Amino acid sequence: NATSNVTIDPLKLVAQELKFLNKNIRQLLGSGHPVLATVAKYYTQSEGKHVRPLLVLLMARATAFAAKQPRYESQSLSRSSIDTPISSPTVLYDNNPDQASVSEPTSPLTSTSNETYAFPDDASILPSQRRLAEITELIHTASLLHDDVIDHSTTRRSAPSANTTFGNKMAVLAGDFMLGRASVALARLRDPEVVELLATVIANLVEGEFMQLKNTASDESNPKWNEQAITYYLQKTYLKSASLISKSCRAAAILGQCAPSVVEAAYQYGKNLGLAFQLVDDMLDYTISAGELGKPAGADLELGLATAPLLFAWKDRPELGLLVGRKFAKEGDVQRARELVLQSDGLKQTRALAQEYADKAISSISFFPPGEAKDGLEEMCVKVMKRRK
Ligand code: FPP
Ligand code: MG
Ligand code: MG
């Protein structure tokens with residue numbers, strides 16, 4: 001376990017699986033329109049961290065021998081319903097006017113492709129759980145495509161962002177396309193509860209982003225204003241980041257036919273780890289350079305956003321209220337706010353809160369059967385706290 005001297009590398013535990021992940025994801029993003037396929041696959045070229053699929057795969061393995069409670073009579077999914085390749089025909093885009101008049105393309109469910117769904121033989125991970133891992137990465141990447149448009153980001157994963165390379169219109173549409181393909185793959189898991197979970201995640205992502213966009217002004221005359229601001233921030237953080245991680249961990253356990261207590265523990269693990277993950281993310285925005293992050297640094301203040309480090313600092317430095325109120329829009333505001341945050345113990349408090357969540361994540365799975373995958377999940381909590389990108 002995490003306290004022993006043997007360090008488990010969570011990445012190595014599912015390295016074989018991850019090797020196939022990108023290939024399968026790229027296959028899900030095939031399109032008869034070559035430009036659309038290129039834009040949709042753009043963020044799969046650079047190395048992402050694959051945190052979400054990694055967690056799903058580890059959760060699948062960690063719960064493989066936990067208590068089970070089969071939900072449906074015949075849950076035995078035929079592999080073919082999952083892995084029939086999804087790809088659209090090219091006829092619609094030919095210059096041939098006769099073919100162009102064919103208004104209904106072959107259903108993406110009846111594929112003409114010969115490509116097959118590839119993965120290594122690890123009996124402790126079900127094909128449906130593996131596909132779930134791919135779906136989480138698709139939804140995450142779709143949200144990044146949209147996020148970079150909203151945030152006017154010029155870089156992502158140490159390369160020009162998709163909106164910079166292809167423009168806003170194509171970046172938004174590629175994100176929508178990804179959500180569509182993720183939905184098809186999700187439907188093919190033939191599990192309504194899992195469909196509901198992941199569909200809720202998509203709605204949650206938008207809700208979180210909206211909460212961030214339309215921050216309710218903090219009423220400083222209320223004695224509890226600071227706690228309220230932090231509560232609002234944490235709710236937003238759950239929706240924007242922890243929802244995907246927690247609900248996909250839950251879905252992994254559901255697909256594994258786990259008992260309700262195991263399903264709930266998987267969810268609690270993901271929720272707490274997700275909150276810790278985003279708190280650390282908001283800390284890194286203050287402390288790490290753009291070069292190391294592979295995306296813009298100090299971006300939150302520039303975007304007018306008050307995240308945890310500032311909310312904690314604000315309590316001791318009331319002058320921050322004025323800057324927050326005008327979204328750091330006046331010349332010198334960003335610089336001043338940054339100084340005040342760095343002088344305060346806002347970063348320290350943020351780290352302490354993240355650590356609390358990471359510890360809660362570890363304790364929520366304490367009753368899982370011992371094994372490498374459980375160690376890997378615990379190690380992920382350690383890694384989240386140590387990460388620099
Ligand atoms: C990154 O946050 C963005 C998210 C975690 C979610 C963004 C969600 C949307 C744009 C809503 C639309 C959702 C879908 C599914 C299409 P960040 O900007 O704080 O982090 P960054 O520094 O990585 O850009
Ligand atoms: Mg962003
Ligand atoms: Mg954003």
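Residues numbered from 1 in each chain as written. Chains lettered and ligands numbered in written order. Predicted model: local features only at pLDDT ≥ 70, side-chain atom pairs only at ≥ 80, totals over all residues.

The protein is annotated in an unreviewed UniProt entry as Coq1 putative hexaprenyl diphosphate synthase from Knufia peltigerae. According to the UniProt record, the Cofactor (unreviewed entry) comment for the protein is "Mg(2+)". (UniProt positions renumbered as here; feature names shortened; annotations may be inferred.)

A short note on the overall build of the protein
Regarding its fold elements, the protein presents 19 helices and 2 strands. Expressed as a percentage of the 389 residues in the protein, the buried residues total 43%. For the protein, the share of sequence-separated contacts (at least 6 apart) that also reach a separation of at least 24 residues comes to 78%. (Helix = DSSP H or I, 4+ residues; strand = E, 2+ residues; numbered from the N terminus. Buried ≥ 20, exposed ≤ 12 C-beta atoms within 10 Å, placed from the backbone. Contact = placed C-beta atoms within 7 Å.)

Quick word on helix H11 (residues 225-255)
Residue pairs spaced three or four apart in an α-helix point in one direction, given the helix's 3.6 residues per turn. Here H11 spans 42 Å end to end across 31 residues, near enough to the 45 Å set by a 1.5 Å rise per residue. At Ala242, H11 shows its strongest bend, of approximately 60°. (Expected span 1.5 Å × (residues − 1). Bend = angle between axes of the 7 residues up to and from the residue.)

Overview of helix H4 (residues 51-62)
Here H4 contains 12 residues, and its C-alpha end-to-end distance of 16 Å stays within 8% of the 16 Å for a straight helix at 1.5 Å per residue. Counting buried residues in H4 gives 12 out of 12 residues, a clear majority hidden from the surface. All of the buried residues along H4 are Val51, Arg52, Pro53, Leu54, Leu55, Val56, Leu57, Leu58, Met59, Ala60, Arg61 and Ala62.

Observations regarding unusual backbone geometry
Positive phi, close to 50°, is recorded for Arg157, a residue that is not glycine. Positive phi, close to 55°, is recorded for Arg190, a residue that is not glycine. Mapped onto the secondary structure, Arg190 falls in the loop between helix H9 (168-187) and helix H10 (192-213). Using a count of 15 C-beta atoms within 10 Å as the deciding quantity, one classes Arg190 as partly exposed.

Observations concerning the packing of H11 against helix H15 (residues 308-316)
In contact at an axis separation of 10 Å, H11 and H15 are set at 175° when each is read in the N-to-C sense. Taken together, the axis directions place H11 and H15 in an arrangement best described as roughly antiparallel. For the pair formed by H11 and H15, the contact residues are Asn226, Ala229, Ile230 and Tyr233 on the first element and Ala308, Leu311, Trp314 and Lys315 on the second. Here the contact of H11 with H15 is composed, by residue class, of 6 nonpolar, 1 polar and 1 charged. (Axes fitted to C-alpha atoms, helices over the stretch in contact; angles between N-to-C directions. Parallel < 35°, antiparallel > 145°, perpendicular 65-115°, else oblique. Nonpolar A, V, L, I, M, F, W, Y, C, P; charged D, E, K, R; others polar.)

As for the packing of helix H12 (residues 260-287) against helix H18 (residues 346-364)
Interaxial distance between H12 and H18 falls to 8 Å at its minimum, and their mutual angle equals 160°. The angle between H12 and H18 falls in the class roughly antiparallel. As for how H12 packs across H18, the hand of that crossing is left-handed. Broken down by class, the residue content of the contact of H12 with H18 amounts to 15 nonpolar, 5 polar and 3 charged. (Left-handed = near helix turned anticlockwise from the far one by under 90°.)

Here we look at the nonpolar core
In terms of nonpolar packing, the biggest core is built from 101 residues, with Leu58, Met59, Cys249, Ala252, Ala266, Leu273 and Ala276 touching the most fellow members. A per-element tally of this core places H12 first, with 14 residues. Residues in contact with Leu58, not counting those within four places in the same chain, are Pro10, Leu13, Val14, Ala373, Gly376, Leu377 and Met380. (Core = buried A, V, L, I, M, F, W, Y, C linked by C-beta atoms within 7 Å.)

Description of the environment of Leu28
Examined against the element boundaries, Leu28 turns out to sit in helix H2 (residues 15-28). Separated by 110 residues in the primary sequence, Leu28 and Leu138 have C-alpha atoms spaced 9.1 Å apart.

Notes on the site of ligand 1
The environment of ligand 1 is made up of 18 residues, and the closest members are Ser143, His146, Asp147, Leu205 and Glu209. Taken together, the elements giving at least two residues each to the shell around ligand 1 come down to helix H7 (127-150), H9, H10 and H11. Broken down by element, the residue count for the shell around ligand 1 peaks at 6 residues, all from H7. The residue makeup of the shell around ligand 1, split by class, is 8 nonpolar, 5 polar and 5 charged. (Near = placed C-beta within 6 Å.)

What to know about the environment of Val172
Within the fold, Val172 resides in helix H9. Classification of Val172 by C-beta neighbours within 10 Å gives partly exposed; the count is 18. Placed 162 residues apart in sequence, Val172 and Val334 show a C-alpha to C-alpha distance of 29 Å.

Details of the confidence of the model for the protein
Summarising the model, the protein shows a mean pLDDT of 89, and 86% of its residues fall at 70 or more. This stretch, residues 89-114, has a pLDDT under 50; its non-local contacts, to residues over four places away or in other chains, come to 27 contacts. Model confidence for the complex: the whole-complex pTM is 0.90, and ipTM, which rates the interface, is 0.98. (pLDDT = per-residue confidence, 0-100.)

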